Amino acid sequence: MTACHRDRLVLASLASLALLASACGKKASAAPLADVTAGEHGFTPTSLKLPAGGPGTHQTVSFVRVTDQTCATEVVFPDLKIEQKLPLNQVVNVDLPTDTAKTLTFQCGMGMYKGAVVVSAK
Ligand SMILES: [Cu+2]
């Protein structure tokens with residue numbers, strides 16, 4: 001069922017995420033579901049896309065750290081001056097501006113693991 005395929009998940013809203021989560025509930029793994037997972041080898045996926053929504057629009061991207069064997073214990077968006085701790089197995093929502101096309105890079109606290117949210121016009 002492709003709706004369960006996390007890599008293809010483009011977040012339209014929290015409601016759709018909740019729907020997807022419940023649709024996937026029967027096959028639930030131990031790890032909580034989020035758009036981006038912080039694991040042993042950094043962030044997965046390293047890139048995700050959001051549609052540009054015009055002036056004042058924001059979207060939430062969720063992160064979850066699923067192991068202690070990683071230095072990605074926080075997610076940092078340097079350009080946005082956002083720093084969010086990632087407590088183990090807790091989904092953390094980050095509100096991102098999606099007004100115009102842009103690339104919002106994110107990284108672990110040390111800048112070792114990197115990723116990007118690509119906001120693009122249709
Ligand atoms: Cu690091």
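The preceding data block contains the structure.
How each quantity is defined
Residues numbered from 1 in each chain as written. Predicted model: local features only at pLDDT ≥ 70, side-chain atom pairs only at ≥ 80, totals over all residues. Heavy atoms only, no water. Helix = DSSP H or I, 4+ residues; strand = E, 2+ residues; numbered from the N terminus. Buried < 20%, exposed > 50% of the residue type's maximum accessible area, 1.4 Å probe, protein only. Contact = heavy atoms within 4.5 Å. Areas by Shrake-Rupley, 256 points an atom, 1.4 Å probe, with all protein chains shown as cover. Pairing = 2+ DSSP bridges. Donors = N, O, S within 2.8 Å, 3.2 Å for Na, K, Ca; no water. Axes fitted to C-alpha atoms, helices over the stretch in contact; angles between N-to-C directions. Salt bridge = Lys/Arg side-chain N within 4 Å of Asp/Glu carboxyl O.

**With respect to the overall build of the chain**
From N to C terminus, the chain includes one helix and nine strands. Secondary structure of the chain in N-to-C order comes out as α-β-β-β-β-β-β-β-β-β. The buried share among the 122 residues of the chain stands at 37%. If you take every contact in the chain between residues at least 6 apart in sequence, the share linking residues at least 24 apart comes to 62%. Accessible area of the chain: about 6,900 Å², with a carbon and sulfur share of 55%.

**Describing the pairing of strand β9 (residues 114–120)**
Note: strand β3 (residues 47–51) against β9, five bridges, orientation parallel. Note on β9: the bridge partner recorded for Lys-49 is Val-118. Bridge count between strand β8 (residues 102–107) and β9: six bridges; the pairing is antiparallel. The residue of β9 that forms the bridge with Thr-105 is Ala-116.

**Quick look at the coordination of the copper ion**
Each protein donor to the copper ion is listed here as Cys-71 (SG) and Cys-108 (SG); together their distances run 2.0 to 2.2 Å. Placement of the pair is Cys-71 in the loop between β4 (58–65) and β5 (74–77) and Cys-108 in the loop between β8 and β9, with a sequence separation of 37 residues. You can call Cys-71 partly exposed: its relative accessible area is 23%.

**Topic: unusual backbone geometry**
Put simply, Thr-44 and Pro-45 share a cis peptide bond, and its omega is -10 degrees. Positionally, Pro-45 belongs in the loop between β2 (42–44) and β3. Although it is not a glycine, Asn-89 adopts a positive phi angle of roughly 60 degrees. By the element assignment, Asn-89 lies in the loop between β6 (82–85) and β7 (92–97).

**Quick word on the sheet that holds β2**
Overall, mixed pairing links the four strands, which are arranged β2-β1-β4-β7 in an open sheet. Each of the sheet's edge strands pairs with one partner strand only, and the pair in question is β2 and β7. Across the sheet, the mean angle from the axis of one strand to that of its neighbour is 30 degrees, orientation sign disregarded. For strand β1 (residues 36–39) and β4, the ladder comprises three bridges, and the chain directions are parallel. Across the sheet, residue Val-36 finds its bridge partner in β4, namely Phe-63.

**Points about the pattern of salt bridges**
Once their charged atoms are close, side chains differing in charge can pair, the charge on each being opposite to the other. By the definition in use, this model includes three salt bridges. Between Asp-68 and Arg-65 there is a salt bridge whose closest N-O contact spans 3.0 Å. For Arg-65, a relative accessible area of 8% corresponds to the buried category. Of the charged contacts in the structure, one is a salt bridge between Lys-85 and Glu-74, with a shortest N-O distance of 3.7 Å. With Lys-85 in strand β6 and Glu-74 in strand β5, this pair connects stretches of sequence that are 11 residues apart.

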